[in-house]
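# A look at the structure
Residue-level listing of the chains:
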Amino acid sequence: QVQLVESGGGLVQAGGSLRLSCAASGRTFSNYAMGWFRQAPGKEREFVAAISRRGGSTYYADSVKGRFTISRDNAKNTVYLQMNSLKPEDTAVYYCAAKGGSTWTPALSEQYDYWGQGTQVTVSS
């Protein structure tokens, strides 16, 4: 079992920045690829970014490419999502997720084994 706890959400003006953190516990963090997803009211959950187990590969949704950066610190069992140039359409609950095993399609939420409880990000115009 892996427990994931997100933090760092909040209210920010358009153009501002936030850094989300996701702290993991329970099993060896470096055995898991990690992803960030988000869900806005009335919309389906969507992929935001993902990072491989050692951090050597990263993946982004087109909507956040160039503005968001995913990173991880395996010594601290934490994955981060740095969000810059935020837009009102980035408003959502953001979730981190962990995927074990050797095969992985980063954007497929169904493949992830564990999920955090989410953190609210609100971007005002």
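Before any of the text, the structure's been laid out above.
Residues numbered from 1 in each chain as written. Predicted model: local features only at pLDDT ≥ 70, side-chain atom pairs only at ≥ 80, totals over all residues. Heavy atoms only, no water.

Our next topic: the pairing of strand β1 (residues 3–7). Of the two faces of β1, the one holding L4 and E6 is buried and the one holding Q3, V5 and S7 is not buried anywhere. Both β1 and strand β3 (residues 18–25) contribute to a ladder of five bridges, which runs antiparallel. Each bridged residue has a counterpart across the sheet, and for V5 the counterpart in β3 is A23. (Buried < 20%, exposed > 50% of the residue type's maximum accessible area, 1.4 Å probe, protein only. Helix = DSSP H or I, 4+ residues; strand = E, 2+ residues; numbered from the N terminus. Pairing = 2+ DSSP bridges.)

Attention shifts here to the pattern of salt bridges. Under the defined criterion, the tally for this structure stands at four salt bridges. We note a salt bridge from D90 to R67, for which the minimum N-O separation is 2.8 Å. Highlighted residues: D90 in the loop between β8 (78–83) and β9 (92–99) and R67 in the loop between β6 (58–60) and β7 (68–73), separated in sequence by 23 residues. Here D90 falls in the buried class, since its relative accessible area comes to 1%. In this structure R67 comes out as buried when scored by relative accessible area, which is 11%. (Salt bridge = Lys/Arg side-chain N within 4 Å of Asp/Glu carboxyl O.)

Any functional reading would require information that these geometric values do not contain.
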